[in-house]
Amino acid sequence: MLPNKITSKNNFISWFAPEVGEREKELIFEVVNSNYLNDGSVTRLFETKIAEYIGVRHCVAVTSGTTAITLALMALGIGPGDEVIVPDVTFIATANAVRLAGADVKLVDVEPHRFTIDIDKVKKTIGSRTRAIAPVDVNGRGADYNALESLAAEKGLHLVCDSAEGLGSQWRNRCLGTFGDAGCFSFSANKTVTTGQGGMVATNNTDLYHRLLELKDQGRRAQGTGGNDLHPVMGFNFKFTNIQAAIGLAQLEKLPERLQKARQRDTWYRELLADVDGIVMPPVDHESGEVLQWTDVLVADRDRLETALSRSDIGCRPFWFPLHTQRPYAADDAGFPNALIICKQGLWLPSCFDLMNEQVAMTVDVIRKSI
């Protein structure tokens with residue numbers, strides 16, 4: 001028997017968990033029977049399906065969301081000596097991807113309500129070495145792309161968007177991942193569509209697309225033999241296997257239903273928490289196509305609530321620490337007042353695909369008693 005099977009106690013309400021089933025097994029079996037497990041035709045089909053779904057010309061599947069951001073930056077010519085502006089509230093992978101490309105990270109604060117990058121702070125931060133902005137669609141909330149795209153055009157900057165948590169969500173009825181020079185997705189285990197690990201770069205720029213192909217496959221734009229192939233430019237190995245793509249295709253079939261469940265989940269929470277003092281539910285714009293990856297709240301005594309939920313066998317997850325408090329990106333607190341408050345008070349509540357109204361009610365009951 002293989003190790004690491006994910007199990008839960010019968011009465012435990014999970015914060016989140018991947019959900020795979022017979023369709024994934026069926027498509028994996030087809031790949032195994034084909035005897036071609038590497039990056040190939042099934043990967044191409046997965047790329048095409050994502051491109052069609054979000055409405056872009058090109059998608060390139062790679063090993064992770066981190067890799068997706070890194071390769072997008074590298075494909076745009078960003079590297080040592082350059083600086084990329086990154087919001088302080090995000091998973092550390094956003095900043096690490098910039099470092100992996102060889103560029104320096106310049107952190108800025110976020111706005112207090114949607115947790116996305118503060119445009120005014122970005123304007124004040126742009127310097128002589130700034131080459132790009134990497135906004136983050138935190139929990140499926142799109143950044144202000146009208147302002148960002150205008151600013152990038154005015155200053156001659158690239159825009160590489162971290163949409164790792166945004167597949168299926170929209171900003172003003174346009175899919176996240178379709179803004180700027182490139183949008184980058186993650187397919188890690190806690191995403192709406194997962195392949196275990198993996199990522200995708202989406203772009204409408206054909207030249208950028210060709211360079212991404214070269215970077216992910218040892219300098220080749222087309223699949224080679226592994227023998228006497230030509231490698232006209234520098235590239236690496238960040239390929240995405242047919243087995244992963246098979247899982248992704250099965251997951252993608254479930255995406256519409258999962259997005260609808262996420263909307264329903266948030267509605268349940270909002271209705272039941274509406275009269276609870278001390279809980280702030282950050283905005284979500286369903287009318288514009290926005291869908292949250294997980295339900296989030298802000299609460300002053302977040303640690304106390306986390307403990308109360310845990311004791312009741314209810315899973316949750318605190319927000320990340322602000323990036324400027326992590327040792328590799330250490331900076332003074334003075335420049336990040338919003339990030340400090342948000343990350344101290346933020347909590348993701350149970351948001352599983354199979355979450356039921358009764359479980360939401362149980363969670364809210366614990367919240368009421370705790371607060």
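(A) Up close: the packing of aromatic side chains. Using the criterion set out here, one finds 15 aromatic pairs in the structure. A connected cluster of aromatic rings, assembled from ring pairs, spans Trp-15, Phe-16, Phe-115, Trp-294, Phe-319, Trp-320, Trp-348 and Phe-353. Lying over the aromatic face of Trp-294, Arg-317 brings its terminal NZ or CZ to 4.9 Å of the ring centre.

(B) Fine view of the packing of helix H8 (residues 242–253) against helix H9 (residues 255–273). Relative orientation of the contacting elements H8 and H9 amounts to 55°, with a least axis distance of 5 Å. Considered as vectors, H8 and H9 are oriented oblique to each other. Between H8, through Gln-251, Leu-252 and Glu-253, and H9, the contact on the second element is made entirely by Leu-255, Pro-256 and Arg-258. Grouping the amino acids of the contact of H8 with H9 by side-chain chemistry returns 3 nonpolar, 1 polar and 2 charged.

(C) Representation of the pattern of salt bridges within the structure. A complete count under the given rule lists 24 salt bridges for this structure. Across the pair Glu-22 and Lys-25 runs a salt bridge whose closest N-O atoms are separated by 3.3 Å. Here Glu-22 and its partner Lys-25 are both found in helix H1 (residues 22–34), 3 residues apart, which amounts to about one turn of the helix. The pair formed by Glu-22 and Lys-25 is uniform in burial state, with each residue classed as exposed. Among the charged side chains, a network of salt bridges with common partners joins Asp-39, Arg-44, Glu-47 and Lys-216.

(D) Expanded view of the nonpolar core. In this structure, Leu-73, Val-84 and Val-86 are the most contacted members of the largest nonpolar core, which totals 48 residues. Of the residues forming this core, the biggest block, 6 residues, is contributed by helix H3 (residues 65–75). Excluding anything up to four places from it in sequence, Val-84 contacts Leu-73, Ile-78, Val-98, Ala-103, Asp-104, Val-105, Lys-106, Ala-132, Ile-133 and Ala-134. Core analysis: the second largest hydrophobic core is formed by 27 residues, Phe-46, Ala-202, Leu-255 and Val-291 among them.

(E) Examining helix H11 (residues 337–345) more closely. Burial in H11 covers these residues: Asn-338, Ala-339, Ile-342 and Cys-343. Burial along H11 is one-sided: seen end-on, the buried residues are contained in an arc of 115°. Of the surrounding secondary structure, the elements contacted by the buried residues of H11 are strand S11 (296–299), helix H10 (302–311) and strand S13 (346–348).

(F) Layout of the sheet that holds strand S12 (residues 317–318). With respect to topology, 4 strands assemble into an open sheet ordered S10-S11-S13-S12, the strand pairing being antiparallel. Bordering the open sheet on either side are strand S10 (279–280) and S12, each of which pairs with just one other strand. Across 2 bridges, the pairing between S10 and S11 is antiparallel. Paired with Val-280 across the bridge in S11 is Leu-298.

What counts, and where the lines are drawn
Residues numbered from 1 in each chain as written. Predicted model: local features only at pLDDT ≥ 70, side-chain atom pairs only at ≥ 80, totals over all residues. Heavy atoms only, no water. Phe/Tyr/Trp six-rings, centres within 6.5 Å; stacked < 30°, edge-to-face > 60°. Lys NZ or Arg CZ within 6 Å of the ring centre and 35° of its normal. Axes fitted to C-alpha atoms, helices over the stretch in contact; angles between N-to-C directions. Helix = DSSP H or I, 4+ residues; strand = E, 2+ residues; numbered from the N terminus. Parallel < 35°, antiparallel > 145°, perpendicular 65-115°, else oblique. Contact = heavy atoms within 4.5 Å. Nonpolar A, V, L, I, M, F, W, Y, C, P; charged D, E, K, R; others polar. Salt bridge = Lys/Arg side-chain N within 4 Å of Asp/Glu carboxyl O. Buried < 20%, exposed > 50% of the residue type's maximum accessible area, 1.4 Å probe, protein only. Core = buried A, V, L, I, M, F, W, Y, C linked by side-chain atoms within 4.5 Å. Arc of directions from axis to C-beta. Pairing = 2+ DSSP bridges.

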